[in-house]
Amino acid sequence: MTDSTPVFAAIEDRRSVKRFTERAVTPADIERLLDLAVLAPNHRMTEPWRFVVLGPEARRSLGDIKARARGRWITDPEALEAARLRMIESLGEIPCILAFVQRLDDDPAVREEDYATLWMAVQNVLVGAVAMGLGTHVKTGAVLEEPELRTLLGVAEGERIVGLVHLGEPAEIPPAKARTPAREFTRHLP
Ligand SMILES: Cc1cc2nc3c(=O)[nH]c(=O)nc-3n(C[C@H](O)[C@H](O)[C@H](O)COP(=O)(O)O)c2cc1C
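Residues numbered from 1 in each chain as written. Predicted model: local features only at pLDDT ≥ 70, side-chain atom pairs only at ≥ 80, totals over all residues.

**A word on the overall build of the chain**
When its secondary structure is counted, the chain shows six helices and four strands. Mapped from its N terminus to its C terminus, the chain presents α and β elements in the order α-α-β-α-α-β-α-β-α-β. If one aligns the C-alpha atoms of the chain with their principal axes, the spans along those axes are about 65 × 45 × 35 Å. Taking the intrachain contacts of the chain between residues at least 6 apart in sequence as the baseline, contacts between residues at least 24 apart amount to 80%. (Helix = DSSP H or I, 4+ residues; strand = E, 2+ residues; numbered from the N terminus. Contact = placed C-beta atoms within 7 Å.)

Here's what the structure looks like:
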């Protein structure tokens, strides 16, 4: 712990964790974390979030979808198949994956605020996870637009997949990445 204030410590100790132990994340852990998610500030209390918890089969399907999306440029079928199997295995081994989905409001201004709210909900989960001895890794990218992923997650028209969060007990905690002190980005007005 780098700070004696628990919230500060959880923020300061958070890392994007790449390797997890085999320990399962319990349904109670997931519920606790998602209960933190919905405490995020939410202008107009639109409650724009939907959460999808991916079990082992869904995680392997995600691996399959990711590998096929990334492998479109791979011409060698054997190399493609090997990469696909590796991706299925590696995502199947992540103890838990959470998908954060936004219900898209008709009003673009509300939609933008709701998107911000979704990321605040994600951050609550990331920080809460540290306090529970768990690690996380946010994942986004082109795969979120894949129709097969939308089908897998049961995402309806008028909803957006905002991000995926890998969750589990860290097998290894990466070192902190260097950050420029905030004061270098800060102006104080009289
Ligand atoms: C909106 C967002 C999207 C991200 N997408 C990815 C991603 O697709 N793949 C990935 O490996 N990391 C992703 N990350 C994690 C960042 O790369 C990571 O937070 C950054 O390298 C800093 O490392 P740290 O989280 O350990 O401090 C994402 C983070 C955020 C906030």
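**Things to note about the environment of proline 174**
Within the fold, proline 174 resides in the segment after strand E4 (159–168). A tally of 13 C-beta atoms within 10 Å means that proline 174 is categorised as partly exposed. In this structure, proline 174 is in contact with Arg15, Ser16, Val17 and Lys18, ignoring residues within four places of it in sequence. (Buried ≥ 20, exposed ≤ 12 C-beta atoms within 10 Å, placed from the backbone.)

**Digging into the site of the ligand**
The immediate surroundings of the ligand are formed by Arg15, Ser16, Val138, Lys139, Thr140, Gly141, Pro174 and Lys177. Tallied by class, the residues present in the shell around the ligand amount to two nonpolar, three polar and three charged. (Near = placed C-beta within 6 Å. Nonpolar A, V, L, I, M, F, W, Y, C, P; charged D, E, K, R; others polar.)

**Concerning the packing of helix H1 (residues 6–13) against helix H5 (residues 108–131)**
Put simply, H1 and H5 touch, their axes get as near as 8 Å, and they point 105° apart. In terms of their interaxial angle, H1 and H5 are classed as roughly perpendicular. Where H1 abuts H5, its residues Pro6, Ala10, Ile11 and Asp13 lie against Val127, Val130 and Ala131. Taken together, the residues that form the contact of H1 with H5 break down as six nonpolar, no polar and one charged. (Axes fitted to C-alpha atoms, helices over the stretch in contact; angles between N-to-C directions. Parallel < 35°, antiparallel > 145°, perpendicular 65-115°, else oblique.)

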